[in-house]
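Breakdown of the fold
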Amino acid sequence: MTADRKLRLLVGKVGLDGHDRGAKIIARAFRDAGFEVIYTGLHQTPEMVVATAIQEDVDAVSLSILSGAHNYLFPRVIELLRERGAPDIAVFGGGIIPEEDVPGLKAAGVLEIFTPGTSTEDVIAWVRAHVAPRALG
Amino acid sequence: MSANGKPPAGRKPTRQAWERETLAESLRKSPERDVAFTTVSDLPIERLYTSDDLAGGWSEGEKLGYPGEFPYTRGIHPTMYRGRLWTMRQFAGFGSAADTNARFRYLLEHGQTGLSTAFDLPTLMGRDSDDALARGEVGKEGVAVDTLEDMEILFSGIPLDRVSTSMTINAPAAVVFCMYLAVAERQGVPFAKLSGTLQNDILKEYIAQKEWIYPPRPSMRIITDLMAFCAREVPLWNTISISGYHIREAGSTAVQELAFTLADGIAYVEAGRAAGLDVDAFAPRLSYFFNSHNDFFEEIAKLRAARRIWAHVMRDRFGAKSPRSWMMRFHTQTAGCSLTAQQPLNNVARVTIQAMAAVLGGTQSLHTDSFDEALALPTEQAVTVALRTQQVIAEESGVTNTVDPLGGSYFVEALTDKIERDALAYIARIDEMGGMIAAIERGFPQKEIADASYHYQRQVDRGEKSIVGVNKHAVENGRRLDILKIDDEVERAQLLRLAAVRTRRDGAKLARDLARLRRAAESGENLIPPMLDCVRDYGSVQEISQALVPVFGTYREVSVL
């Protein structure tokens, strides 16, 4: 696999949160930016998201969470990726996430958190700078 | 044209002459700003509206009528806010039932006149707090309700015959409504004295909010059972609040919000009639719920058009005889999706404009969002400012002094007509597909909304639509604010309380109730009486909802990007 292949990104909605406006916008923006996008659809458990991420060989998982459950769901997804032997899949995300929760999420291994008002172009630029194609074995 | 701006002596002021002389000269000297003059939903807006824009058969009698008369464009009451102000109804719910009960009492003490309950996500999805999918979400976005015990605490000390209560719940709406009835029984309040609103609008869940249990068709059966039960037993209750709010929040345009919501309303009326109900027996208890977004005149026009379309639909399409069936009553909430996390105090200004539009659009009740809601659930201070905003509009601004102050404005009437035409065109397309359920099954409204929301986001990203504090006038560190945090202790305490209820109740009796409910689902008997028995015996939201799954099945969305 060459390093200049297209990035494969999973866009996920975890938990019971049905607010999928942001997830769908970002999935479309990623697709229009030339990335390969897998959108999980709604109401996924962390286990389901991680299983999809591994099965689809994605380079990064981006989660959209507007339910207030981010402090549980992000660390849980990272923990499961590690358990399943895929700690190199980057995890980032966005949603209604208070600023003061961001340092804790980053300490848990979340690469970046995008809060409301971020432009899709900024997120895409960040992805290009920080997510690299994984070396697949 | 003379230099002092007066038409030359002897010239009759006409639009053509104005354009040729006054306007052309002005544009030569200083052109208009280089922006697109469009609404937030991208409807083009002209430089000037005159009586010419209302020509072509526009008749005041037909289009406007008088307040309290068909087609209700100017309002459903002859005196509107001179008679009675709108109900100030702030949506509240967080943490445990006791926390929310305290917020309710606080709001009632501060002059609020109706209650509005927000449930947490597990409750909205018909899941108990101890379900695996509920982890981390208990009490976060609303109050956690598992069994009747939680509802008893939620309404403790609040006499249900003296408040009107709105409950924002859909997929398990019937279960939660039965819990409310059971609380009333325990307070000794007859069902006939209960007033309030159940959101109970499952169609917009498939379209926008995405909290469902069963597929659309069996869900409609539960709704018609509830309509039939309430027509008999709880006559003052609004059985469905047909909601455009969430459709708009999901990113629709104003026209889509209006069209899809009315198409949902049409589907409920058709379902009620197919279930053998007389349209005038249930239609007066249908109410609507709209969003009020940033574009002031677009929102006012949308609300006025909504009343006019519904009056015609009910009278002409469904042959309703009672004016109560023709009148569209609605609640309005300011647009949560318009609030910014950046410079959050700016949201007070947005909410004021949006609330003013709702009032000038003739709303019956109003929720004003709190300025901190792009960051978290609102603090008490933020909720108070939001309520005070309504009070300032009601008691200081003067807009309540006359009925429909904007009626007859060339611009507002032209925009009302335009939005009406565009919404009717959408409704015609949905009719051609076989109605809203069929349209949902093929993903039509979902796709239209996703397209509109992406289009808007692109416009914001390119700076074609302004958001003050975000893509215009932004500053660093603009989001410092004390916010409400929901303690994770809430989840732990709720799990203990639920476990205690499960131990204490009569499990064998509940099992018989649940079996009877399932048989009713199979036989077609009205589901509400057996459901009420399940609730009285402390069956949980999830147990009761799941009892119907073997008969009704579950829904899975085919995701459209």
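Here is what the cut-offs are and how they apply
Position numbers for residues start from 1 in each chain and track the written sequence from start to end. Throughout, the order in which chains and ligands are written sets their labels, letters from A for the former and numbers from 1 for the latter. pLDDT decides what is reported in this predicted model: residues at 70 or higher carry local features, side-chain atom pairs at 80 or more are listed and counted, and totals for whole chains, interfaces and linings draw on all residues regardless. Only DSSP runs of H or I covering at least 4 residues are called helices, and only runs of E covering at least 2 are called strands; the numbering of each starts at the N terminus. The quantity called the radius of gyration is restricted to C-alpha atoms. Its globule counterpart is 2.2 Å times the number of residues to the power 0.38. Here the C-beta atoms are placed from the backbone, and a residue counts as buried if at least 20 other C-beta atoms lie within 10 Å of its own, exposed if 12 or fewer do, and partly exposed otherwise. In this description, any two residues whose backbone-derived C-beta atoms lie within 7 Å of each other are considered to be in contact. Lines fitted to C-alpha atoms define the axes here, with helix axes fitted over just the stretch in contact, and angles between the N-to-C directions of these axes take values from 0 to 180 degrees. Every angle not falling under 35 degrees, over 145, or within 65 to 115 is termed oblique; those three ranges are roughly parallel, roughly antiparallel and roughly perpendicular. Crossing handedness: left-handed means the near helix sits turned counterclockwise from the far one by under a right angle, and right-handed means the same turn made clockwise. As a working rule, the residues Ala, Val, Leu, Ile, Met, Phe, Trp, Tyr, Cys and Pro are called nonpolar, Asp, Glu, Lys and Arg charged, and the rest polar, with Gly in that last group. pLDDT: the predictor's confidence for each residue, scored from 0 to 100. Strand pairing requires that DSSP identify at least two bridges connecting the strands. Put simply, a nonpolar core is buried Ala, Val, Leu, Ile, Met, Phe, Trp, Tyr and Cys residues tied into one set by C-beta atoms within 7 Å. With its strands directed away from the observer, a crossover is right-handed exactly when the path from the first strand over the helix to the second travels clockwise.

**Quick look at the overall build of chain B**
A tally of helices and strands in chain B yields 23 helices and 10 strands. Compactness check: chain B gives a C-alpha radius of gyration of 25 Å against a globular reference of 24 Å for 561 residues, within 12% of the reference. Viewed in the frame of its principal axes, chain B has a C-alpha envelope of about 95 × 55 × 45 Å. Each of the 561 residues in chain B was classed as buried or not, and the buried ones make up 50%. Across chain B, the fraction of contacts at a sequence separation of at least 24, relative to all contacts at a separation of at least 6, is 77%.

**Re the packing of helix H8 (residues 216-233) of chain B against helix H10 (residues 254-274) of chain B**
Residues and elements named next belong to chain B. Axis separation between H8 and H10 bottoms out at 10 Å; the angle between their running directions is 70°. Judged on the interaxial angle alone, H10 and H8 are roughly perpendicular. Between H8 and H10 lies a crossing of right-handed hand. Counted together, Met 220, Ile 223, Thr 224 and Met 227 of H8 and Tyr 268, Ala 271 and Gly 272 of H10 form the full contact between these two elements.

**Quick notes on the packing of helix H2 (residues 46-55) of chain A against helix H3 (residues 70-83) of chain A**
All names here are of chain A. Relative to each other, H2 and H3 sit at 45°, their axes nearing to 9 Å. With respect to H3, the axis of H2 lies oblique. Crossing of H2 over H3 shows right-handed handedness. Where H2 approaches H3, its residues Pro 46, Glu 47, Val 49, Val 50 and Ala 53 are matched on the opposing element by Leu 73, Arg 76, Val 77, Leu 80 and Leu 81. Of the residues contributing to the contact of H2 with H3, the split by class is eight nonpolar, no polar and two charged.

**As for the confidence of the model for chain B**
Confidence in the prediction of chain B, expressed as mean pLDDT, is 94, and 98% of residues score 70 or more. Predicted complex metrics record ipTM = 0.89 and pTM = 0.93.

**Describing the sheet that holds strand E2 (residues 36-39) of chain A**
Residue and element names in this part refer to chain A. Ordered by their spatial adjacency, five strands build an open sheet running E2-E1-E3-E4-E5, and the pairing between neighbours is parallel. Strand pairing shows two members of the sheet lacking a second neighbour, E2 and strand E5 (113-114), which therefore form its edges. Across six bridges, the pairing between strand E3 (residues 60-65) and strand E4 (residues 90-95) is parallel. Each residue of the ladder has a partner; that of Ser 64, found in E4, is Gly 94. Packed onto the sheet, H2 meets strand E1 (8-12), E2 and E3 and runs at close to 165° relative to E1. Sitting on the sheet, H3 touches E3 and E4, and the angle it makes with E3 is about 165°.

**What to know about the nonpolar core**
Counting residues in each nonpolar core, the largest one holds 187 residues, and the members touching the most others are Val61(A), Val77(A), Ala174(B), Val176(B), Cys178(B) and Met531(B). Ranked by residues supplied to this core, first place goes to H10(B) with 12 residues. Those residues in contact with Met531(B) that lie beyond four places of it in its chain are Ala174(B), Val175(B), Cys178(B), Leu517(B) and Ile544(B). Ala92(B), Phe104(B), Leu107(B) and Leu115(B) belong to the second largest nonpolar core, which has five residues in total.

**Observations regarding the pairing of strand E4 (residues 164-168) of chain B**
Residue and element names in this part refer to chain B. Judged by how many residues are buried, E4 sits mostly within the fold: four of five residues are covered. Where strand E3 (residues 114-118) lies against E4, five bridges are found, and the strand directions are parallel. By the bridge assignment, Leu 115 is partnered in E4 with Thr 165. Relative to strand E5 (residues 195-198), E4 is paired through four bridges, and the arrangement is parallel. The partner of Met 167 across the bridge, within E5, is Leu 198. Between E4 and its parallel partner E5, the chain crosses via helix H6 (residues 173-187), and the hand of that crossover is right-handed.

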